[in-house]
Each structure stands twice: as structure tokens, then as C-alpha cells.
Amino acid sequence: MLRLKHILSTLLMVIVLLAAACSKSVEGESKKWAANQTTVTTLAAQYPGFKDAIEARKQRAQKLFDEAANLDGEQKIEKLSSANTTLMQGFVGDLNRIDSKLKKLRESRVEAASQAGDKSSRLGAKVAAQDAQKTVERVEKLLKTGAKDEASADAILKKANSDIKTAQAAVDKVMAVDKKKQDQKAADKKAATDTKAKEKADADAKTAPWTCEYCKGSNPHTENKCTSCGAPRPKAAK
Ligand SMILES: [Zn+2]
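Procedures and definitions
Residues numbered from 1 in each chain as written. Predicted model: local features only at pLDDT ≥ 70, side-chain atom pairs only at ≥ 80, totals over all residues. Helix = DSSP H or I, 4+ residues; strand = E, 2+ residues; numbered from the N terminus. Rg over C-alpha atoms; globule rule 2.2 N^0.38 Å. Axes fitted to C-alpha atoms, helices over the stretch in contact; angles between N-to-C directions. Parallel < 35°, antiparallel > 145°, perpendicular 65-115°, else oblique. Left-handed = near helix turned anticlockwise from the far one by under 90°. Nonpolar A, V, L, I, M, F, W, Y, C, P; charged D, E, K, R; others polar. Core = buried A, V, L, I, M, F, W, Y, C linked by C-beta atoms within 7 Å. Buried ≥ 20, exposed ≤ 12 C-beta atoms within 10 Å, placed from the backbone. Domains from an automatic or database assignment. Contact = placed C-beta atoms within 7 Å. pLDDT = per-residue confidence, 0-100.

**Student:** I'd like a rundown of the overall build of the protein chain, residues and numbers included.
**Tutor:** Of regular secondary structure, the protein chain possesses six helices and two strands. In the protein chain, the succession of α and β elements from N to C terminus is α-α-α-α-α-α-β-β. Over its C-alpha atoms the protein chain spans a radius of gyration of 37 Å, topping by over 25% the 18 Å that the globule rule assigns to 238 residues. Principal-axis analysis of the C-alpha atoms places the extent of the protein chain at approximately 110 × 75 × 20 Å.

As C-alpha cells, then:
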């Protein structure tokens, strides 16, 4: 009897947990939907050239979201999730991320120019920085112009992303080469300092007093016999 009670209570707990997991996922996807709606509205305001393409996308996603209302459980979750994915995929997600990519490119450009150590690094940084600047301007123009539909918006954002990636890689490379050069310079300097220190230590060792291994008396380096007991200077100390 006790055993049955235990099994029943465990079963009940599993059902409650499962239900909680389901409702949580529907809730999660719904929250995500609300947040995505805000993001998309912001993007439409920020990039008016893409307004029509964004509107078309919103309608497509909204249709999926509405269909979810007639579903339950896993099917509902899946439909809501697909509404979210549809809304944010392709150019919409790209638009959402492109601002920070452009910001990073602008910052790297300045960083590369200011960090470049020697003449050839500065020249490389200058070329990469000019290229990055051109890319930023080109992408900003593309973003301003916008696109009439989803397909051209996807294509434009894909091209813009690829251009940013190329320019970013060029600037990163200049910075990496420059860093390598500066690291090498620092390593060379350290090696030179170490060599000098070793030479000094060797010279000091030659003029250092030696200790007699019999009476432990200290003797100047010029003596070959102990001044206290007359024992010969040990060979290793010569
Ligand atoms: Zn001695």
C-alpha cells in the first residue's frame, strides 16, 4: 500500500514537472516573440529603407504565430519557435547585428593606426584603415538605401557582412603582424639584457674571493695558496 502511494506520488510529480516544462517553454517562446517584435520595430525605424522588407517578414512570422493559437503542447511550442526563427532569420538578424560589427571595425581601424610600431606596420595599418573606412561608408550607404523585398534584403546584408568580415580580417592581420614584431623586439631586448647580465656575473666570478676547503678561510682571487693554512686553491675555483 505504501509502495503504491509512493509510485503514485512520483507519477504525479513527473506530470506536474512536465506540465511546468511545457508551459514554461510556451511562456519562453512568447516572451521571445514580444522581445523580437520590439527589436524588429526598432530596426524598421533605424533602417527605413528596409521597412517594406521588414513588414513582409513580420506578416509571414505573424501568420505562424497566429497558427500557434490553435495548437497545444509540443506542437504549440514548435510553432511559436518557428515564428520566432522566421522573424529573425536572414537579413533581420543581420541588421540586428550589423551595428556592433561596424562599431568594432571603426574601433579596430583606429587601434591599428595608433598601435603600429614601425614604418612598414604604419603603412600596412594605413592601407587597412583606408580600406576599412571605405567598407564602412559603403555598408552605411547600402543600409541607407535599403531593399524593396526580403530576397534583395537578404542578398544586400549578406554582401555587407562579407565586406565587413574581409575588412575586419585585414585590420586584424595588420594588428597581429605588428604585435608579433613588437613581441620579437621585446624578446630580443630581453635576450640582450640577459647576455649582458651573464657576462657580468662571469666577470664577477673571476675576481671573487675563494674559500679554502680546509680551513674555510677567504682568499683574494690573486692568491693560489690559502693565506691562512697554505692549502692549494681548489681547481674548480680558479
Ligand atoms: Zn686554508
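Next comes the rest of the write-up.
**Student:** So, the packing of helix α4 (residues 91–115) against helix α6 (residues 150–207): which residues are in play, and what are the values?
**Tutor:** The interhelical angle for the contact between α4 and α6, taken along N-to-C directions, is 25 degrees, at an axis separation of 9 Å. Classified by the angle their axes make, α4 and α6 are roughly parallel. Crossing of α4 over α6 shows left-handed handedness. Residues belonging to the contact of α4 with α6 are distributed by class as follows: 14 nonpolar, four polar and nine charged.

**Student:** Describe the nonpolar core, naming the residues involved and giving the relevant values.
**Tutor:** With 35 residues, the main nonpolar core has Phe 50, Leu 95, Ala 112, Ala 128, Ala 153, Val 171 and Val 174 as its most contacted residues. Only α2 (51–68), α3 (73–88), α4, α5 (119–145) and α6 provide two or more residues apiece to this core. Ranked by residue count, the leading element in this core is α6, at ten residues. Among the domains, domain 1 (24–89) and domain 2 (101–187) are the pair contributing at least three residues each to this core. Beyond its immediate stretch of four places on either side in the chain, Val 174 contacts Ala 112, Gly 124, Ala 125 and Ala 128.

**Student:** A description of the domain arrangement of the protein chain should follow, citing residues and the corresponding values.
**Tutor:** By the assigned domains, the protein chain splits into domain 1 (24–89), domain 2 (101–187) and domain 3 (207–238). Placing a centre on the C-alpha atoms of domain 1 and another on those of domain 3 gives a separation of 90 Å.

**Student:** Pulling in residues and values, what's your account of unusual backbone geometry?
**Tutor:** In this structure, Lys 216 takes a positive phi of about 65 degrees despite not being glycine. Summarising the element assignment, Lys 216 is placed in the loop between β1 (210–211) and β2 (218–219).

**Student:** Provide a residue-level description of the confidence of the model for the protein chain, including the pertinent values.
**Tutor:** Per-residue pLDDT for the protein chain averages 89, and the proportion of residues at 70 or more is 91%. When the elements of the protein chain are averaged for pLDDT, helix α1 (residues 2–46) gives the smallest value, 79, and α2 the largest, 97.

**Student:** Please set out the environment of Lys 173 residue by residue, giving values where relevant.
**Tutor:** Looking at where Lys 173 falls in the secondary structure, it is placed in helix α6. Since 13 C-beta atoms lie within 10 Å of it, Lys 173 is described here as partly exposed. Linking Lys 173 and Ala 112, residues 61 residues apart in sequence, is a C-alpha distance of 9.5 Å.

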